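Here's the letter readout for the chains.
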Amino acid sequence: TNAIQHPARSSCSYDVGFVFYKYFEGYGLFRGIVTEVDRGWNDNTKSRRVIYPADGDSEDLSVVELKSLAKIYPVEYYGNRRDVSGEKQFRLFQSNLEKTKRH
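Below: a short report on this structure. Per chain, residue numbering runs from 1 following the sequence as it is written. With the structure being a predicted model, the display of local features is reserved for residues of pLDDT at least 70 and the display and counting of side-chain atom pairs for 80 or more, all residues being used for whole-chain, interface and lining totals. Side-chain figures throughout are based on the complete set of non-hydrogen atoms in the structure, without hydrogens or water.

Focus: the overall build of the protein
Regarding its fold elements, the protein presents three helices and five strands. In DSSP terms, a helix is any run of H or I states spanning at least four residues, a strand is any run of E spanning at least two, and both are numbered starting from the N terminus. Ordered by position from N to C terminus, the α and β elements of the protein give β-β-β-β-β-α-α-α. Buried, partly exposed and exposed residues are distinguished by accessible area as a fraction of the type maximum, computed with a 1.4 Å probe on protein chains only: under 20%, between the cut-offs, and over 50%, respectively. Buried residues in the protein amount to 31% of all 103 residues. Of the contacts formed within the protein by residues at least 6 apart in sequence, a portion of 39% connects residues at least 24 apart. Roughly 6,500 Å² of accessible area belongs to the protein as shown, and the carbon and sulfur atoms make up 51% of that amount. The contact definition used throughout considers only heavy atoms, calling two residues in contact when any of these lie within 4.5 Å. In short, Shrake-Rupley with a 1.4 Å probe defines the accessible areas, and a residue's cover is counted only from the protein chains shown.

Concerning the pattern of salt bridges
Each reported salt bridge corresponds to a side-chain nitrogen of Lys or Arg within 4 Å of a carboxyl oxygen of Asp or Glu. One pass over the structure, following the stated rule, counts six salt bridges. In this structure, K22 engages E59 in a salt bridge whose closest nitrogen and oxygen atoms are separated by 2.8 Å. Remark: E59 occurs in strand 5 (residues 57-61) and K22 occurs in strand 2 (residues 19-24); sequence separation between them is 37 residues. Among the residues examined, K22 registers a relative accessible area of 18% and is labelled buried. A residue is classified by how much of its surface remains accessible, and E59, at 21% relative accessible area, is partly exposed. Here R49 and D60 are joined by a salt bridge, their closest N and O atoms 2.9 Å apart.

Some words on the nonpolar core
Among the nonpolar cores identified, the biggest contains 17 residues, and F20, L61 and L66 are the most heavily contacted of them. Those elements giving two or more residues to this core turn out to be strand 2, strand 3 (28-38), strand 4 (48-52) and helix 1 (63-72). Counting residues per element, this core draws most heavily on strand 3, at four residues. Not counting residues within four places of it along the chain, the set of residues in contact with L66 comprises Y14, F18, F20, V34, R48 and L61. By nonpolar core is meant a set of buried Ala, Val, Leu, Ile, Met, Phe, Trp, Tyr and Cys residues that side-chain atoms within 4.5 Å join together.

Considering helix 1
Buried within helix 1 are the following residues: V63, L66 and L69. What you see down the axis of helix 1 is that its buried residues fit within an arc of 125 degrees, all on one side. For helix 1, the elements touching its buried residues are strand 2, strand 3, strand 4 and strand 5. In this context, the arc is that of the directions from the helix axis out to the C-beta atoms.

Re the environment of S58
Looking at the element boundaries, S58 is found in strand 5. With near-sequence residues (within four places) excluded, S58 lies in contact with R49, V50 and I51. Polar contacts, as used here, are pairs of N or O atoms within 3.5 Å; protein pairs need one atom able to donate a hydrogen and one able to accept it. Residues neighboring in sequence count only if both atoms are side-chain atoms. One polar contact links S58 to R49, side chain to side chain, over a distance of 3.0 Å.

As structure tokens, this is what we get:
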């Protein structure tokens, strides 16, 4: 397999170590980290193994999905918090996003 599991960090290539946030309906917003990359696929292929440290869940995402999540839930807003779960945090994010759109 072409999997890479080293801690190199690159926010532009969505490589191992890339941090993002994803909202799960009914559960809240969770920080995810790319832990493995299967090379040789295009941006639409689910080639990035990610883990959500708060609960240990994992899934495979594509570069396209990661780009979309990075736009919706910018890491710059949340910083590198360990976990930002819950409806309250999601509503806070949505409120701040609306304020940004109005300006």
